[in-house]
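Chain by chain, the residues:
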Amino acid sequence: MTIRTRMAPSPTGDLHIGSLRTALYAYASAKQNNGQFIVRIEDTDQKRLVVGAADRTLQVFKDFGLVYDEGPDVGGDYGPYVQTQRFNIYQKYIKELLDKGLAYYCFCTEERLVEMRNIQKAAKKIPKYDRKCLSLTKAEINANLEKGIPYVVRLKVPDNETIVFNDTIRGEIKFNSNDIDDQVLIKSNGIPTYHFAVVIDDHLMKITQVMRGEEWISSTPKQIILYRYFGWEAPEFCHLTVLLDPTHPGKMSKRFGTVFAQQFIDEGYLPTAMNNFLMLLGWNPGTDRELFTLDEFVKEFNLKHLHVKQPVFDRKKLDYFNGLYIRKMTDDQLLPYFKKFLPQATDDQLATLIPILKDRLVKFSDLKEQVKFLFEDIAYDKNLLLKKGTSPEIAVQMLEAAKKVITDFTDLQNKFISPYLC
Ligand code: GLU
């Protein structure tokens, strides 16, 4: 069987570093088996859409070397790879569910739903649609549709069943169907929800393995029900751990530091170093080895070595990897990075600076501060020169003498240092 994995980002913002880690694993899982890695844009939540986010996410995958075989800008046999371009596909499938009585029209107003939820909450019950519209007759439904009353389409979740799926990392996960809400599949604006579109697309795109964050575990039973209603085989589900913040309890948050993949590049982290660091956040090779190129990782990756324990995003370790990868690069390879982060330096200056600075550099954005003194006048308090009773005249003489020494530095080096080296 060909392994087909996918990343399905929603362009509601820039790609989170945790999602990049998921992409790395999905890429490795497919490539290791000569399979395909696919990117699909899940943009059904139009209210939260951020302009440009989809393009920036695709660019991030490219910058990190995660070359996708199929996707919005590269095409493929199962396109389009953007959900808002697939509406006609979803229509056919929602009709099938409605005809079979596995989904139903719901005409409840937002006010009614809010009130219902409030009552349920007050009674300490899990908020769940009360199925008022499930009992509507065909004639009532048709009358409502003719009148143009706004509606959504809901999934008819089966009663009193155990919905089970096998998670690659966690093993068997069970849900009582009575706890599952009759999920909205088509919203009142006619646009499908993520839950519906994801199943149709994963099936039609022949996805065999779904890797995603563990926050999607509770959505999976709804998707399993849909697979069953359509008579389709569900893919393998692999829910990866979230990344924990190193400084605060809970998952990484933008309130406490950089979290978006692109931000790390902007701060001067190397994609090669980042990839290596991310590989080890939730996976181990089964040995002490820590350094892997992307290709080596693809060879070594093994689903059995994925962790259940949530890893901490140790920024110091990332800095360590970045420094290590910087030092592995030749001066020529480093030149474009230095140019980008020190645009004021000439090529000549960089030729001198790179060999000196690369040995202690952690990330390229530090460069500006490190060599600021070479490009900017330094503000200092003149009175510092007049300490211990030094007169202004003497201070001027001292400065001039110092200037001469610095100007003649090469000479000084030849005259005084070289003989001792002989
Ligand atoms: N569109 C979802 C997201 O942005 C993807 C969830 C999934 O992979 O099924 O996280």
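Shown above is the structure to which this text applies.
Trainee: Please provide a residue-by-residue account of the site of the ligand, values included.
Mentor: Contacts to the ligand come from Arg 6, Ala 8, Pro 9, Ser 10, Glu 42, Tyr 194, Val 198, Arg 212 and Trp 216. Contact distances for the ligand include 2.8 Å between a nitrogen atom and a side-chain N or O atom of Ser 10. Contact between the ligand and Glu 42: a nitrogen atom at 2.6 Å from a side-chain N or O atom of the residue. Contact with the protein chains hides 83% of the accessible area of the ligand, taken as 300 Å² for the molecule alone. A class-by-class count of the residues in the shell around the ligand yields five nonpolar, one polar and three charged.

Trainee: If you had to explain the sheet that holds strand E7 (residues 184-186) to someone new, which residues and values would you point to?
Mentor: Pairing is antiparallel across the open sheet formed by three strands, whose spatial order is E3-E4-E7. The two strands at the open ends of the sheet, each matched to only one other strand, are strand E3 (103-106) and E7. Averaged over all neighbouring strand pairs, the angle between strand axes comes to 45 degrees, with direction disregarded. Bridge count between strand E4 (residues 152-155) and E7: two bridges; the pairing is antiparallel.

Trainee: Go over the pattern of salt bridges, please, and point to the residues and values.
Mentor: Tallied over the entire structure, the rule returns 25 salt bridges. With its nearest N and O atoms 3.3 Å apart, the salt bridge here joins Asp 45 to Arg 48. For Glu 296, the salt bridge goes to Arg 289, with nearest N and O atoms at 2.9 Å.

Trainee: Break down the layout of surface pockets for me, citing the residues and quoting the values.
Mentor: Size it by volume and the second largest pocket reaches roughly 590 Å³. Residue lining of the second largest pocket: 28 residues in total, with Ile 94, Leu 98, Asp 99, Tyr 105 and Val 153 positioned closest to the centre. Breaking the lining of the second largest pocket down by element, the ones donating at least two residues are helix H3 (87-99), E3 and helix H5 (138-147). Counting residues per element, the lining of the second largest pocket draws most heavily on H3, at seven residues. Its residues placed into classes, the lining of the second largest pocket shows 17 nonpolar, seven polar and four charged.

Conventions used here
- Residues numbered from 1 in each chain as written.
- Predicted model: local features only at pLDDT ≥ 70, side-chain atom pairs only at ≥ 80, totals over all residues.
- Heavy atoms only, no water.
- Near = heavy atom within 4 Å.
- Polar contact = N/O pair within 3.5 Å; in protein donor to acceptor, adjacent residues only side chain to side chain.
- Areas by Shrake-Rupley, 256 points an atom, 1.4 Å probe, with all protein chains shown as cover.
- Nonpolar A, V, L, I, M, F, W, Y, C, P; charged D, E, K, R; others polar.
- Pairing = 2+ DSSP bridges.
- Helix = DSSP H or I, 4+ residues; strand = E, 2+ residues; numbered from the N terminus.
- Axes fitted to C-alpha atoms, helices over the stretch in contact; angles between N-to-C directions.
- Salt bridge = Lys/Arg side-chain N within 4 Å of Asp/Glu carboxyl O.
- 1 Å grid on protein atoms, 1.4 Å probe; cavity = no way out; pocket = protein on both sides within 12 Å on 5 of 7 lines; lining within 4 Å.
- Points joined across faces, edges and corners; volume = space filled by probe spheres on them.

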